[in-house]
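Coordinates in review
Listed below, chain by chain, are the residues.
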Amino acid sequence: MALHSSKNNRLGSIQEIKTFPTELRAQTTHGQLKVAALIPEVIQVTATREQAFENFSYSVVGTSENPKVEIAESEEQILFTTSSIQTVIEKNPTRISFQTLDGKVINEDDALGINWIGEQVTNYKKLLAGERFLGLGEKTGNLDRRGSAYTNWNTDAYAYHSGADPLYSSIPFYIGLHDGCCYGIFLDNSHKTFFNFGASNNRFASFAADAGELNYYFISGQSVAEVIRHYTWLTGRMKLPPLWSIGYQQCRYSYYPDKEVLSVARTFREKEIPADALVLDIHYMDKYKIFTWDPKNFSDPGKMIDEVKKYGFHLVIMCDPGIKVEPGYEPYDDGLKKNVFLQYPDGENYSGQVWPGWCHFPDFSNPKTREWWAEKFKDYVTLGVEGFWNDMNEIATWGHGLPENIEFNFDNHHATMRRGRNLYGFQMARSTFEGTKKLMNGRRPFNLTRSGFAGIQRYSALWTGDNVSYDEHMLLGVRIVNSLGLSGVAFAGYDAGGFVGDANTKLFARWISIAALSPFFRAHTMINTRDSEPWSYGEEVEQICRNFIKFRYQLLPYLYSLFFDASRRGMPVQRSLSIDYTNDYKIYDGQYQNQYVLGPSILVAPVESTKELTKVYLPAGDWYYLYTGKLYTGNQEIMIECPIHRLPVFIKAGAIIPMQRPVMHTGEKTDELIIHFYNGHESSEFLWYNDDGATYDFEKGNYCQRKLEFHPGEKRLTFERSEGAFNTGKKKIHLVFHGFSASRVSVNDQSVNLIQENKSFFSPLEKYDPINDPESMGEEAVRSVEIDYTDERIDVKW
C-alpha cells in the first residue's frame, strides 16, 4: 500500500501531448508537464498537479524569442530540440534529460524524478561523476557546494556564523559543472525551497519547494560566463548606478547629531581621504519612524545636506518598512486610509514589533502600495537625498516568528506569507527604486537592500548584512560576494571592518584593502563599538586606508566600465575564478577559493590580517605583481609576503587598465586618461565606457565607449574610434607600458620616444613607516608616453 501511494506522488507516465511552435504540454497519470524554449539555450520545465499552470513570476523578465524547435515523438520518448540543446523526455515513467546535440548528457533526472510529499514538490537529479555546484546567491560554505544542503527562507541573521543558513536573501539559481559541460538551473518558486547537492547521500542532487509548482529553467552554455549571461537575460540585469555610489561610503550606527555628520565630512577632506557618501542609520529619524527627521538632532536636514554636498558628499539614508501604529503619524493615517498594509485573512492589519514599536507593514506586492510608498519619498528627494538603504526587510521583527497566514495581494494573484516572505525585500527594493527614480527627474538613485530574491539586481545593490569583526568573517564576505556574482548580482559587498564587534587595527586595515577592490565599498559598525573611520585606528592604519581608497579612485575608469558591462551582459564586477578558470581544480581548493578577479585582469588574493606570509595560486597565464612588476608564470602556487600594507594583487599579462589621477570624490574631473598596459603573449581587449555618471542621458546616446585592443603578433595597441555623443573632457592620454624593452613607439605612424619611469603601478602607496620599514614598496621600471586625446582611431606600434 505504501509503495502504491509513493507512485501516486510522482508524475507518472505521459498519456497525451499537445505541441506548439516552441512548447509542448503533456498530460501525465498524476499531473501535467510543460516544456518550453524561450531562447535556444533556456528551457522552461513546469510540473503541477493542478488543472492549470500558474504563469506568474516577479523574477522572470525575459520573454520568448520564438526559437526554432523540433519536436519528435516515438513510443518511448519525446525529443524537444533547439539549435543548442536536446531535451529528451522519457514517457514511462516521465523523466527528463538535457543533452548536447550529439547526445552527451548535461543533466538528467534520477529515477525518482519529480515527486510530491504532501504539498512539497522535489526534482531529483542524478549526481554525475566529478560534478561541481556553484552559486545559489547569498550562502556560506565552499565555492564548490557539493556535499552541502541549503534552505532559502529570508531571515534576519544578526551576527551569523561562517556556516549559518539561511541568510537574508534567496536566489534559487545554481550552476553545475562536469566533464566539460556547464549548465544552470533556476527554480522560480518563492516558497521556502531546499537545495541538496549530495548532502547525506551519494545518489542525487535535488531541489524542492514547500508548495506551488515545480517551475524551473534549464540554462545551457559553453562556459560559466555564458550561463550567467543567459540567466541575467532571463531575470534582468542591473541598471547603471550613479558613479558616486561606487566610490567609498562611510557609515555607522549611527551618526548624530547633524554636527557630527558635518564633522566627519570635513575630516575626510582635511585628511585627503577620498569618499563620496555618508550614510545615516536609524537615529536620523524621529523615534525611528520612517519618513521623519529627529527634530532635535536634525532640526534642519536641508541645510545639513547642502553643507555635506559642498564637501562633495552624497547622503544615503536608512529606510525601514515598519510604519508605527500611531494616530497622527501621517504615513500611518494615510496607510490606513488607503488600505496598503499586510493583513490577516479576516482583514485585520498585521502588527509586528520592531524599532519604533508596534508597526504595520506595507504590502509591496500590491501596485497601489508601491505607488503610495513612492509618494512618501518626495520630501527626501526634495531635500537632496539621493541614496536609499532598504533594511529590516526580511521582514525582521522582534520574536522572529512571522505568522504564515498573513496575506499578500501579489498583483491580484493573492498569496500568503508562505509564498511572499522571500519576495518581501525584493518588492520593497523595487518600490523604493521605481519611486525615487520617478521623483529624481532623470537622475539615478542609489538603492541598497539587505533582503532580496532572484532578479533583485534590476532594482538594487545588495550587502551581506550584520557581519562580525573577525578574519574568518572577512573572508566569508568575499566568498559570498563571489557567489552573488555567479548568481546575477554584480553590485554587492559587505561592511568593511565588520558590523558586530570591534575590529583591531590590522583587521580594519586589511579589510579596507580588500573592500577597496570589491563592487560595493562601505565601512560600517554598530552602536556602542569603536568608530570605523579610517583615522580611528591610528596613523599607520589611516595611511594604509588612504592608499587603498586612493587606488580605488584611480581605478574608477576601469571599475565604471565593469559596471557598464554588468548592465549590458550581466557579468559580475568581482569574478570568482570559476568563471574564467572553470576546469582548474586548484581554484576550488580551500586555500584559494576566496581569490577572485576584479574584472578580467586584476587578481586579488584575500588573506587574513594575522599573516605576514601567504600562499597564492596563479591560474593560467602570466601575472605581474602589482607593487613591483615582477612577472610570474601561471599554473603555480607561490609564497609571497603579505604585510598589512600589501594585499597580494596581480595583473594579468595583456591587461589594458584605464585609470585616472587620484581625486577626492567623483565630482572632481580630470582631463587625462591613463592607460596601464601589461605586455603579454595573448591578445586581449577592453571596452572603456564613460558618461555623465549621474543621469539616464546615456540611454539617449549621450555616452562614450571605445574598444582598446592588444595584438601581440603585430606588436600593436589600438584605440578604436569612440562611439556615442558624450564629451569626456579628456585632453591627454598617458600610456604606461609594463614589461617592455622598446625605447620608441609609433603613434599613428609617427615615431615618439618613451620616457623611462621608476615607480610602482600602485602609485598612491606611500611608505607609512619610513623608520621601521625603510624599504621601498618596490619600484618598477616602466616606460610611458603622453599623446593628445582624440575620438578618432589611434594605433600604437613598437
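Before reading further, recall that the structure is shown in the block above.
What you see is a predicted model, and the numbers here were worked out from it, not measured in a lab.

Thresholds applied
- Residues numbered from 1 in each chain as written.
- Predicted model: local features only at pLDDT ≥ 70, side-chain atom pairs only at ≥ 80, totals over all residues.
- Heavy atoms only, no water.
- Pairing = 2+ DSSP bridges.
- Helix = DSSP H or I, 4+ residues; strand = E, 2+ residues; numbered from the N terminus.
- Salt bridge = Lys/Arg side-chain N within 4 Å of Asp/Glu carboxyl O.
- Buried < 20%, exposed > 50% of the residue type's maximum accessible area, 1.4 Å probe, protein only.
- Axes fitted to C-alpha atoms, helices over the stretch in contact; angles between N-to-C directions.
- Parallel < 35°, antiparallel > 145°, perpendicular 65-115°, else oblique.
- Left-handed = near helix turned anticlockwise from the far one by under 90°.
- Contact = heavy atoms within 4.5 Å.
- Nonpolar A, V, L, I, M, F, W, Y, C, P; charged D, E, K, R; others polar.
- Phe/Tyr/Trp six-rings, centres within 6.5 Å; stacked < 30°, edge-to-face > 60°.
- Polar contact = N/O pair within 3.5 Å; in protein donor to acceptor, adjacent residues only side chain to side chain.

**So, the pairing of strand E23 (residues 357-360)**
Pairing between strand E21 (residues 323-324) and E23: two bridges, direction antiparallel. Each bridged residue has a counterpart across the sheet, and for lysine 324 the counterpart in E23 is cysteine 359. One ladder, built from three bridges, connects strand E22 (residues 352-354) with E23; its direction is antiparallel. In the strand pairing of E23, glutamine 353 is matched with tryptophan 358.

**What about the pattern of salt bridges?**
Scanning all chains against the criterion turns up 44 salt bridges. For the salt bridge of aspartate 411 with arginine 370, the shortest nitrogen-to-oxygen distance reads 3.0 Å. With aspartate 411 in the loop between strand E25 (407-408) and strand E26 (415-416) and arginine 370 in helix H6 (residues 367-376), this pair connects stretches of sequence that are 41 residues apart. The exposure class of aspartate 411 is partly exposed, given its relative accessible area of 22%. Residue glutamate 612 pairs with lysine 506 through a salt bridge whose shortest N-O separation is 3.7 Å. Here lysine 506 lies in helix H10 (residues 505-515) and glutamate 612 lies in the loop between strand E33 (602-604) and strand E34 (613-618), a separation of 106 residues in the sequence. Because the salt bridges share partners, they merge into one network encompassing Asp156, Asp391, Glu394, Arg450 and Asp466.

**Examining the packing of helix H5 (residues 330-338) against H6**
At their nearest, the axes of H5 and H6 sit 12 Å apart, and the two run at 155° to each other. Between H5 and H6, the angle falls in the class roughly antiparallel. The hand of the H5/H6 crossing is right-handed. Here H5 contributes Glu330, Pro331, Asp334, Gly335 and Lys338 to the contact with H6, which in turn contributes Lys368, Trp372, Glu375 and Lys376. Partitioning the contact of H5 with H6 into residue classes produces two nonpolar, one polar and six charged.

**Regarding the packing of aromatic side chains**
Aromatic ring pairs are described here by two measures, namely the spacing of the ring centres and the angle between the planes. Following the criterion strictly, the structure yields 72 aromatic pairs and no others. Consider the rings of phenylalanine 291 and tryptophan 373, whose centres lie 5.1 Å apart with planes at 70°: the pair is edge-to-face. Separated by 82 residues along the polypeptide, phenylalanine 291 in the loop between strand E19 (277-280) and helix H4 (301-310) and tryptophan 373 in helix H6 bring together distant segments of the chain. Residue classification places phenylalanine 291 among the buried residues on the basis of a relative accessible area of 16%. Relative accessible area serves as the criterion here: at 0%, tryptophan 373 is assigned to the buried category.

**Side note on the sheet that holds strand E1 (residues 14-20)**
Strands sit in the order E1-E2-E3-E4-E17-E14-E13-E11 across an open sheet of eight strands; the sheet is antiparallel. Strand pairing shows two members of the sheet lacking a second neighbour, E1 and strand E11 (132-135), which therefore form its edges. In this sheet, adjacent strand axes meet at a mean angle of 20° when their direction is disregarded. Relative to strand E14 (residues 181-187), strand E13 (residues 173-178) runs antiparallel, the two sharing six bridges. By the bridge assignment, leucine 177 is partnered in E14 with cysteine 182. The sheet contacts of helix H2 (residues 224-235) involve strand E3 (32-39), strand E4 (42-48), E13, E14 and strand E17 (214-221), and relative to E17 the element is tilted by about 140°.

**Observations regarding H10**
H10 sits mainly inside the fold: nine of its eleven residues count as buried. Residues Leu507, Phe508, Ala509, Arg510, Trp511, Ile512, Ser513, Ile514 and Ala515 constitute the buried set of H10. The inward-facing, buried residues of H10 abut strand E18 (248-252), helix H9 (471-486), strand E29 (492-496), strand E30 (520-523), helix H11 (539-554) and strand E32 (596-598). N-capping of H10 is provided by asparagine 504, with a side-chain oxygen placed 3.2 Å from the backbone N of lysine 506.

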